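Spelled out, the chains give:
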Amino acid sequence: MDDLIKEQVKCDQVDYPNENEMWSKIIRKQQNRNYKTKKHSYKPRIILSAILFTIVLSSTTVFAKYSTEILDWMRNMNRTGIITSLENGFGQEVNKTAENEVGVLTIHNVVSDQNGTTINFSLDIDHDYPIDYADFEHALLKIDGKEIQMEASAVYNQESDKLVGVLHTYEEIPHNSNVTLQLGGVKETQLKSIELKDLAHSNIYPEKINIHQDGISQIDFISNDYQNGQYILDYLIELEEPNNIEHAYLSYAIENEPIANSGVTYKSPQPNVIKNSDLLEIQKDAVEKLGVFLNYNDTVSYKPETWKLDFQYNHDLAKQSTFVMDIDEKIEIGSQQLQFNELVITPSRVKLYFNKKNIDANSNLVYINYHQIKLRIGEQELSGYFYEDYLSFETQELIKDITNKEIALTLNDATVEYEAEKQDKVELTNISDVPQTIKTELDGYPIDITYFVNGSDLIVESESKNQQFGGIVQNVIYQNGKKIFAETRSNDGVLRTHKQVETFKNIKEKDLTLNFFLYTVNEDRAKTIILQ
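The structure presented is a predicted model; accordingly, all values stated were derived computationally and were not measured.

Cut-off values and rules
Here the residue numbers are simple positions, counted from 1 along each chain's written sequence. Totals for whole chains, interfaces and linings use all residues, but because this is a predicted model, local features are given only for residues with pLDDT of at least 70 and pairs of side-chain atoms are given and counted only at 80 or more. Just so you know, side-chain values use all the structure's heavy atoms and leave hydrogens and water out. Per the convention used, a helix needs a DSSP run of H or I reaching at least four residues, while a strand needs a run of E reaching at least two, with both numbered from the N terminus. Note on classification: 1.4 Å probe, protein chains only; a residue is buried when its accessible area is under 20% of the maximum for its type, exposed when over 50%, partly exposed between these limits. Any two residues whose heavy atoms approach within 4.5 Å are treated as being in contact. What makes a nonpolar core is a set of buried Ala, Val, Leu, Ile, Met, Phe, Trp, Tyr and Cys residues whose side-chain atoms join them at distances within 4.5 Å. At least two DSSP bridges between two strands are needed for those strands to be called paired.

A. Structural context of the overall build of the chain. If you tally the helices and strands in the chain, you get four helices and 33 strands. Scored against the burial criterion, the 532 residues of the chain give a buried share of 56%. Of the contacts made within the chain by residues no fewer than 6 positions apart, 68% connect residues no fewer than 24 positions apart.

Here it is in structure tokens:
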């Protein structure tokens, strides 16, 4: 079955985060508690931030009253590329304001190079309620008649008593350009947190926790598992109708100290359902001490007004430290081939661009997902991530002349996805509401298959004790020439857990054949490519 069909039958495709969402994940790990505004005496209690992008302000005298706090926070977020650009003078100061009946918008500075544009701003709005951050309905950049949509978000800063934020686009502002910024439709938001006390000090998780607050109905825990130093939770956050919830997730702490976690947010399996998988790297004895919190936003105000501000961009210094190289290297990652064609090194970021195409594979290997991606430029090593058509690396310091420097890309620590063979199947007999377990093998790895019915649904749990086996991604049942895939699955193989729970809807047969379809194996598969 070709790759296209495989993608189509995955009804629960993972919604991979873009760069803004990636930084949102990082920011969620930070904890800010009990701060107050200057204009009003509210004291919102914040467990985790959930803004959509990182905030940075210039270190010039203009921002002396709060620049240190923001820049330190930025460093904690590992947004070193923008910091590098500002500290080395690659940003242009703007310091212009626009005012309407709502408040005053100030554009502080611009960092623009071939890898994109970041504009730092603050917004002074008087309000009679506590706020934590803001999103914007529209952010538009007009450059000599050309319109560019920008991503925009802001967080409340207690030192300045303002919203401070960032605008971002992947496009560069050309030198000597007349620029108009339009920003409006402000949604001011409070972040709320509920401690899930039923989970505290226990490693036995209930299947459901009722919430019934602010439009959140309940949390359904699909599975929780501890293996090889990693604790993984799969859960659904069910929302009531109507609701105003845009972001909701779990955070974790031990004795009031926040615990960092990584994971994925899946495409919604059903309307008003948020599906998440979280991974925590903690000691096993710490699991029972884990405090769990539900975090979500509550929009407290919407202001439709728009700010409009004109400025001239005439800063071309970044081009002096921008290096562009043509690349002609290929790698195969399963049934796909990546053709690397260009490396762009700027003060703010490094991007390695590629074209992607499907290739004929002579094996059942479908895809290779590398968890460790490194780019070495001389003595400096950068960590990176895959995106749609490029690899992105955050710069750690200013990269100077690369003429005589070796540049090498290293991929390591892979999860390899395979398609099962026709003979890879198991017979499920005497299906009932009593769980039954069958021991079998897939590609030589031992697997336990547990199956039972819940109402009219067939539940199939698959698990392997072998640490190298990544887990079953997907099974299939053939009935009357049709393929039946699970309505829901707990794990799509993105997080490296060995357990999968699938729910097949409206299965009436008492005996049937379960065919393994896609599975993953954790392999080394190290690759090193010399780019220069």
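So much for the structure itself; the text now carries on.
B. A look at the nonpolar core. Within the largest apolar cluster, 54 residues are counted, with the highest numbers of intra-cluster contacts made by Phe-340, Leu-409, Leu-428 and Leu-458. Setting aside residues no more than four positions away along its own chain, Leu-409 makes contact with Phe-340, Leu-352, Ile-373, Lys-374, Leu-375, Leu-391, Phe-393, Lys-527, Thr-528, Ile-529 and Leu-531. Counting residues in each nonpolar core, the second largest holds 32 residues, with Leu-105, Ala-134, Val-186 and Trp-307 among its members.

C. Molecular detail of the sheet that holds strand β31 (residues 499-504). Read across the open sheet, the five strands follow the order β25-β26-β27-β31-β30; overall the sheet is antiparallel. Either end of the sheet is taken by a strand with one partner, and the two such strands are β25 (436-442) and β30 (488-489). In the sheet, β25 pairs with strand β26 (residues 445-454) via seven bridges, with the strands oriented antiparallel. Looking across to β26, one finds that Ile-438 is bridged to Ile-449.

D. View of the pairing of strand β7 (residues 162-169). Most of β7 sits out of view: eight of its eight residues are buried. Of the two faces of β7, the one holding Lys-162, Val-164, Val-166 and His-168 and the one holding Leu-163, Gly-165, Leu-167 and Thr-169 are both buried throughout. Sheet analysis places strand β3 (residues 116-125) next to β7, joined by seven bridges and oriented antiparallel. Looking at the pairing, Ile-119 lines up with Leu-167 of β7. Where strand β6 (residues 151-157) and β7 come together, seven bridges link them in antiparallel fashion. If you follow Ala-154 over to β7, its bridge partner there is Gly-165.

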